[in-house]
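Below are the chains, spelled out letter by letter.
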Amino acid sequence: MDNCLFCRIMKGEIPSAKVYENDYVYAFRDINPQAPVHVLVIPKKHFSSLNDTAAADDRDLAECLRAIPVIAAQEKLETGYRVVSNCGPDACQSVQHLHFHILGGAQMSEKMS
Ligand code: DGP
């Protein structure tokens, strides 16, 4: 996806603060952090959201989930963290490339919305 912001970040065409990468996954710091640690985990393959993953290779999705605890450990989030994937306009998804927010580094509210 030539015009996708996160595809361009993943390819290095737009700079980002990388925190993790493997053959399937790229992770980088959110430009507008909403917690002391705020990392975005994306599959290297383009999916616009979770709604676009019915035909996805399991590996592309599983690697995102497996990367999350690795990144959490790297970021020293021993006391916990939250994972969010906004999907569609009601959830205020603003970038149409599947991504998982890892939020941590402080006590969070019990409220999620
Ligand atoms: P969402 O609202 O769930 O689609 O989250 C998109 C996130 O992407 C939002 O928290 C801000 C972040 N973001 C947007 N543009 C950039 C960018 O150019 N670089 C980085 N690092 N993050 C970005």
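The following refers to the structure shown.

Some details on the overall build of the protein
Here is step 1: Along the protein, the regular secondary structure elements total two helices and five strands.
Here is step 2: Ordering the α and β elements of the protein from the N terminus gives α-β-β-β-α-β-β.
Here is step 3: What you see for the protein is a C-alpha radius of gyration of 14 Å, in line with the 13 Å of a compact globule of 113 residues.
Here is step 4: Oriented by its inertia axes, the alpha-carbon framework of the protein measures out at about 35 × 30 × 25 Å.
Here is step 5: Burial statistics for the protein: of 113 residues in total, 40% are counted as buried.

What about the pairing of strand S1 (residues 18-21)?
Here is step 1: The pairing of S1 with strand S2 (residues 25-29) spans three bridges and is classified as antiparallel. By the bridge assignment, Lys18 is partnered in S2 with Phe28.
Here is step 2: Between S1 and S2, which follow one another and run antiparallel, lie three residues.

A few points about the packing of aromatic side chains
Here is step 1: A full pass over the atoms with the stated rule returns two aromatic pairs.
Here is step 2: Centroid distance Phe6 to Phe28: 5.3 Å. Interplanar angle 80 degrees. Geometry classified as edge-to-face. On the criterion of sequence distance, the pair formed by Phe6 in helix H1 (residues 5-10) and Phe28 in strand S2 is long-range, its members being 22 residues apart. Of the two residues, Phe6 and Phe28, both sit in the buried class.
Here is step 3: Pairing Tyr26 with Phe28 gives two aromatic rings, centres 5.7 Å apart and planes at 35 degrees, and the pair type is tilted.

Some words on the layout of surface pockets
Here is step 1: Computed from the structure, the largest pocket encloses a volume of approximately 720 Å³.
Here is step 2: Lining the largest pocket are 32 residues, with Asp30, Asn32, Gln34, His38 and His101 positioned closest to its centre.
Here is step 3: Of all the secondary-structure elements, those providing two or more residues to the lining of the largest pocket are H1, S2, strand S3 (37-43), strand S4 (81-84) and strand S5 (100-104).
Here is step 4: Ranked by the residues each element gives to the lining of the largest pocket, the list is headed by H1, at three residues.
Here is step 5: Tallied by class, the residues present in the lining of the largest pocket amount to 18 nonpolar, ten polar and four charged.
Here is step 6: As a volume, the second largest pocket reaches approximately 170 Å³.
Here is step 7: As for the second largest pocket, its lining consists of Lys76, Leu77, Glu78, Thr79, Gly80, Tyr81, Arg82, Gly104, Gly105, Ala106, Gln107 and Met108.
Here is step 8: A per-class count over the lining of the second largest pocket returns four nonpolar, five polar and three charged.

Some points on the site of the ligand
Here is step 1: The immediate surroundings of the ligand are formed by 15 residues, with Arg29, Asp30, Asn86, Ser94 and His101 found nearest.
Here is step 2: Ile31 places a main-chain nitrogen or oxygen 3.2 Å from a nitrogen atom of the ligand.
Here is step 3: Take His101: an N or O atom from its side chain is 2.8 Å from an oxygen atom of the ligand.
Here is step 4: Protein chains shield 84% of the accessible area of the ligand, which is 510 Å² for the free molecule.
Here is step 5: A molecule is said to occupy a pocket when more than half its atoms come within 2 Å of that pocket's grid points, and by this definition the ligand occupies the largest pocket.

The rules behind the values
- Residues numbered from 1 in each chain as written.
- Predicted model: local features only at pLDDT ≥ 70, side-chain atom pairs only at ≥ 80, totals over all residues.
- Heavy atoms only, no water.
- Helix = DSSP H or I, 4+ residues; strand = E, 2+ residues; numbered from the N terminus.
- Rg over C-alpha atoms; globule rule 2.2 N^0.38 Å.
- Buried < 20%, exposed > 50% of the residue type's maximum accessible area, 1.4 Å probe, protein only.
- Pairing = 2+ DSSP bridges.
- Phe/Tyr/Trp six-rings, centres within 6.5 Å; stacked < 30°, edge-to-face > 60°.
- 1 Å grid on protein atoms, 1.4 Å probe; cavity = no way out; pocket = protein on both sides within 12 Å on 5 of 7 lines; lining within 4 Å.
- Points joined across faces, edges and corners; volume = space filled by probe spheres on them.
- Nonpolar A, V, L, I, M, F, W, Y, C, P; charged D, E, K, R; others polar.
- Near = heavy atom within 4 Å.
- Polar contact = N/O pair within 3.5 Å; in protein donor to acceptor, adjacent residues only side chain to side chain.
- Areas by Shrake-Rupley, 256 points an atom, 1.4 Å probe, with all protein chains shown as cover.
- Sits in = over half its atoms within 2 Å of the grid points.

No statement about biological role is implied by the geometric values presented.
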